[in-house]
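Inside the fold
Read off the chains here:
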Amino acid sequence: MKVSFQVYEGEPKSFSGDVLVVIVQQEQGPEQGLEQCLEQCLLSPALKGAVSHVRDCGDFLNKADQSVWLYPALLDWQGEKPYLAKRILLLAPATEDAGRNELRERLRLCGGTIASQLRQLRGEDILLLWPQGLPFSDVETAGQLVQGLALGSYTFQGYKKEQNGTDSEAGQSRRYAFFSGDAPLKELRKAIKQAQVSAQAVLSARDMGNQPANRWTPADFADYAEKLGTKKKLKTTILGKAEMQELGMEAILAVNQGSAQPPSLSIIEYRSAKKYPTVLLVGKGLTFDSGGISAKPAAGMEEMKFDMCGGAAVMAVMQALAELGFGGVNVVGMVPATENLSGSAAIKPGDVVRHFGGLHSEVVNTDAEGRLILGDAIAYGIATYAPDVVIDIATLTGAAVVGLGHHYTCLLANDDELAQRLLQAGEEAGEPLWRLPLGPAYRKQLESTVADIKNAGDRSGGTITAACYLQEFVGETPWAHLDIAGTAWNFTEKSYVPKGASGTGVRTLLCALANWSKSERN
Ligand code: BES
Ligand code: MN
Ligand code: ZN
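Residues numbered from 1 in each chain as written. Chains lettered and ligands numbered in written order. Predicted model: local features only at pLDDT ≥ 70, side-chain atom pairs only at ≥ 80, totals over all residues. Heavy atoms only, no water.

Let's talk about the side chain of Glu362
- Structurally, Glu362 is set in strand β13 (residues 360-363).
- Despite being buried, Glu362 has no salt bridge partner; Lys454 is the closest side chain of opposite charge, sitting 6.1 Å away.
- A polar contact of 2.6 Å, which involves the side chain of Glu362, links it to the side chain of Ser448.
- The residues touching Glu362, leaving out its near neighbours within four places in the chain, are Gly350, Asp351, Val352, Ser448, Thr449, Val450, Ala451, Ile453, Lys454 and Asn455. (Helix = DSSP H or I, 4+ residues; strand = E, 2+ residues; numbered from the N terminus. Buried < 20%, exposed > 50% of the residue type's maximum accessible area, 1.4 Å probe, protein only. Lys, Arg positive; Asp, Glu negative; His and termini not counted. Salt bridge = Lys/Arg side-chain N within 4 Å of Asp/Glu carboxyl O. Polar contact = N/O pair within 3.5 Å; in protein donor to acceptor, adjacent residues only side chain to side chain. Contact = heavy atoms within 4.5 Å.)

Encoded structure:
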């Protein structure tokens, strides 16, 4: 579906498109707040009467995701100039008891609800009126609504005949216009554009994640990165198998050994100005994880096509950065990509591999492959780009799903300030994080009798020991690790987050980078 957004400077009453969406604030009691809200939304007496009727029937203003359809043509306008819109959709999200971040979330949810209501009809031209008097600006409100609308309009364009016909969703379009009211036009347009860019990045990440493993391979990551490299401010370098051999990245090569698809390591650099700090982002791009010789059980193994969602998130962030173009930070995005299969050349439990930089690892479990490829990438990234901070994002451990389920991403970090930045950004983006500890007591589980480290400990504290493994490669550099195994797919279902790949992490990282860039420039 094609979704576009613009600003509407006319009279809402004269809007003659398909749907006029009216969002009113749900006050303490519908009795007190409603009239005032309707007044603020410039609604006419006939419309107010209709809304009151719906409310008196008990059909409205009680639930966050509730909405009501009205048809202006069916109303008695009693001589008043009628609304020209074909339909009116009324919503009343609760806004009263919410802090700023919660309010952001409710507006995004509201956007998602609108998108799902509109899914059932043909309407293309839509005008939105939003509530006045929220604790933040119209500009901010519009940004959150755009995100909810854009993210909530997503469906994966799969491989079903009916999805590809002329009547399909893919062929449809939605043109959303925002009633400008008193909002400063230039800023409003800018906020809408930025929200759209960040939402579009999330949708790209979802698309990559939802593709089956035979249609999203390490080569597809490299191709995507090459295309990004043609954009302004971005530069792409691809390391293939030969370069990896030359550089001594034995771990990623080892994981790749059992697969017929060659590995790739995509590096995308976003440069603003030298004086600003450099953030290194590393995303796990395991396009399929069978476990290798330490095989996973068959049931549910198809889900391991999602094992590249961290890599997808990094690609998407780089894509958005090129379009947002903000200063204040430099960002290097790296996506090591391979399959983990059990072909006849596959690594075997007990094999020892040498990471880039010299650390030897005993591979006691070939299913703990994410840390192997991330280790090489992080070590190479630090050696090559000398970043001020490193953030990696990966569907790294089943233990993360056991520990926090599908609602929080696990955060582990060797630096409190960086952890705080990410926690804050996650709150703002509606992708909450929960920090877990690190420490030598956990690292002990990775002691090997034959090498510097082994790649898996016992079952206890699995998310933490995985992070301990990565920590071996960061040295003194401030570093944070996001384990998105529970949230990359089957994330808390919301009006703007569908089943399948969620695109989690993209907005959190963009938000953290944006906040960082602001603080650097002030
Ligand atoms: N990709 C998996 C982690 C995973 C499991 C993500 C389930 C989402 C759902 C990872 O490569 C893996 O297999 N980790 C192992 C590590 C273990 C062998 C130490 C795990 O979590 O079981
Ligand atoms: Mn695995
Ligand atoms: Zn994996």
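Quick word on the sheet that holds strand β12 (residues 351-354)
- Strands sit in the order β12-β13-β17 across an open sheet of 3 strands; the sheet is mixed. The outermost strands of the open sheet, each flanked by one partner alone, are β12 and β17 (453-454).
- Pairing of β13 with β17, which is carried by 2 bridges, proceeds in the parallel orientation. Paired with Ser361 across the strands is Ile453, a residue of β17. (Pairing = 2+ DSSP bridges.)

A word on the sheet that holds strand β2 (residues 19-23)
- Spatially, the 6 strands line up as an open sheet ordered β1-β6-β5-β2-β4-β3, and their pairing is mixed. Each edge of the open sheet is held by one strand with a lone partner, namely β1 (2-8) and β3 (67-70). On average, each strand axis in the sheet is tilted by 20° relative to the strand beside it, whichever way the strands run.
- Judged from the 4 bridges that link them, β3 and strand β4 (residues 87-91) form a sheet pairing that is antiparallel. By the bridge assignment for β4, Val68 is matched with Leu90.
- Its contacts with the sheet place helix α5 (residues 185-210) against β1 and β6 (173-179), and it is angled at close to 170° to β1. (Axes fitted to C-alpha atoms, helices over the stretch in contact; angles between N-to-C directions.)

Some details on a positive patch on the surface
- There is a patch of like positive charges on the surface, built from Lys186, Lys190, Lys518 and Arg521.
- At the level of secondary structure, the elements contributing two or more residues to the positive patch comprise α5 and α15 (506-521).
- Topologically, Lys190 is positioned in helix α5. (Patch = residues over 30% accessible without salt bridge, like charges linked within 9 Å, V, L, I, M, F, W, Y side chains within 5 Å. Areas by Shrake-Rupley, 256 points an atom, 1.4 Å probe, with all protein chains shown as cover. Charge placed at Lys NZ, Arg CZ, Asp CG, Glu CD.)

Focus on the coordination of the manganese ion (ligand 2)
- Donor atoms from the polypeptide that coordinate the manganese ion (ligand 2) comprise Asp289 (OD), Asp367 (O), Asp367 (OD) and Glu369 (OE), at 2.1 to 2.2 Å from the metal.
- Classification of the site at the manganese ion (ligand 2) as irregular follows from its 6 donor atoms and the range of 69 to 166° in their angles at the metal.
- Between consecutive donors of the manganese ion (ligand 2), the numbers of intervening residues give the motif D-x77-D-x1-E.
- A spacing of 3.2 Å is found between the manganese ion (ligand 2) and the zinc ion (ligand 3), which share Asp289 as a donor. Remark: Asp367 occurs in the loop between β13 and α10 (370-385) and Asp289 occurs in strand β10 (residues 285-289); sequence separation between them is 78 residues.
- In this structure Asp289 comes out as buried when scored by relative accessible area, which is 3%.
- The partly exposed category is assigned to Asp367, whose relative accessible area is 22%. (Donors = N, O, S within 2.8 Å, 3.2 Å for Na, K, Ca; no water. Tetrahedral: all angles 85-135°; square planar, octahedral: opposite > 155°, others 65-115°.)

Topic: α15
- Along its 16 residues, α15 runs 22 Å from first to last C-alpha, staying within 8% of the 22 Å computed at 1.5 Å per residue.
- Of the residues making up α15, those classed as buried are Val506, Arg507, Thr508, Leu509, Leu510, Cys511, Ala512, Leu513, Trp516 and Ser517. (Expected span 1.5 Å × (residues − 1).)

Things to note about the side chain of Gln144
- In this structure, Gln144 sits in helix α4 (residues 138-152).
- Leaving out residues up to four positions away in the same chain, Gln144 has contacts with Arg104, Leu107 and Arg108.

Quick notes on empty space enclosed by the protein
- Counted by the stated rule, this structure contains 3 cavities of 30 Å³ or more.
- Approximately 60 Å³ is the volume attributed to the largest cavity.
- Looking at the largest cavity, the residues that line it are Val202, Arg206, Gly430, Glu431, Phe491, Lys494, Tyr496, Val497, Ser502, Gly503, Thr504 and Arg507.
- Class assignment of the residues belonging to the lining of the largest cavity gives a composition of 4 nonpolar, 4 polar and 4 charged. (1 Å grid on protein atoms, 1.4 Å probe; cavity = no way out; pocket = protein on both sides within 12 Å on 5 of 7 lines; lining within 4 Å. Points joined across faces, edges and corners; volume = space filled by probe spheres on them. Nonpolar A, V, L, I, M, F, W, Y, C, P; charged D, E, K, R; others polar.)

Some words on the packing of aromatic side chains
- Taken as a whole and judged by the stated rule, the model has 11 aromatic pairs.
- Judged by centre distance (5.5 Å) and plane angle (85°), the rings of Trp216 and Phe221 are edge-to-face.
- Judged by relative accessible area, Phe221 falls into the buried class, the value being 0%.
- Three or more aromatic residues link up through ring pairs in this structure, and these residues are Phe5, Trp130, Tyr176 and Phe178.
- The positively charged end of Arg421 is found above the aromatic ring belonging to Trp516, 4.0 Å away from the centroid. (Phe/Tyr/Trp six-rings, centres within 6.5 Å; stacked < 30°, edge-to-face > 60°. Lys NZ or Arg CZ within 6 Å of the ring centre and 35° of its normal.)

A few points about the nonpolar core
- Val21, Ile114, Leu128, Phe178, Leu321, Leu422 and Val506 are the most contacted members of the largest nonpolar core, which totals 96 residues.
- Counting residues per element, this core draws most heavily on helix α9 (residues 309-324), which supplies 11 residues.
- The contact partners of Phe178, leaving out residues within four places of it in the chain, are Phe5, Gln6, Val7, Tyr8, Leu127, Leu128, Trp130, Ala142, Leu145, Val146, Leu149 and Ile192. (Core = buried A, V, L, I, M, F, W, Y, C linked by side-chain atoms within 4.5 Å.)

Brief notes about the coordination of the zinc ion (ligand 3)
- Looking at the zinc ion (ligand 3), one finds its protein donor set to be Lys284 (NZ), Asp289 (OD), Asp307 (OD) and Glu369 (OE), positioned 2.0 to 2.4 Å from the metal centre.
- Geometry at the zinc ion (ligand 3) is octahedral, judged from the 6 donor atoms that bind it and their angles of 77 to 173° at the metal.
- Mapped onto the polypeptide sequence, the residues donating to the zinc ion (ligand 3) form the spacing pattern K-x4-D-x17-D-x61-E.
- With a relative accessible area of 1%, Lys284 lands in the buried category.
- Judged by its relative accessible area of 1%, Glu369 is buried.

Observations regarding the site of ligand 1
- By nearness alone, 16 residues border ligand 1, and Lys296, Asp307, Asp367, Glu369 and Gly398 come closest of all.
- Between ligand 1 and the protein, one listed contact pairs a nitrogen atom with a backbone N or O atom of Leu396 at 3.4 Å.
- Coverage of ligand 1 by the protein amounts to 78% of the 520 Å² it exposes when considered alone.
- Partitioned by chemical class, the residues of the shell around ligand 1 number 5 nonpolar, 4 polar and 7 charged. (Near = heavy atom within 4 Å.)

Considering the packing of α5 against α9
- At a closest axis distance of 8 Å, the pairing of α5 and α9 adopts a crossing angle of 155°. Classified by the angle between their axes, α5 and α9 sit roughly antiparallel to one another. Read as a crossing pair, α5 and α9 show a hand that is right-handed. Where α5 abuts α9, its residues Gln194, Val197, Gln200, Ala201, Ser204, Ala205, Met208 and Gly209 lie against Cys309, Ala312, Ala313, Met315, Ala316, Gln319, Ala320, Glu323 and Leu324. (Parallel < 35°, antiparallel > 145°, perpendicular 65-115°, else oblique. Left-handed = near helix turned anticlockwise from the far one by under 90°.)

Some details on the pattern of salt bridges
- Counted by the stated rule, this structure contains 22 salt bridges.
- Residue Lys13 is joined to Glu80 by a salt bridge in which the shortest nitrogen-to-oxygen separation is 3.3 Å. With Lys13 in the loop between β1 and β2 and Glu80 in the loop between β3 and β4, this pair connects stretches of sequence that are 67 residues apart. Residue Lys13 shares its accessibility class with Glu80, and that shared class is buried.

Everything listed here is a matter of coordinates, which is why it stays silent on function.
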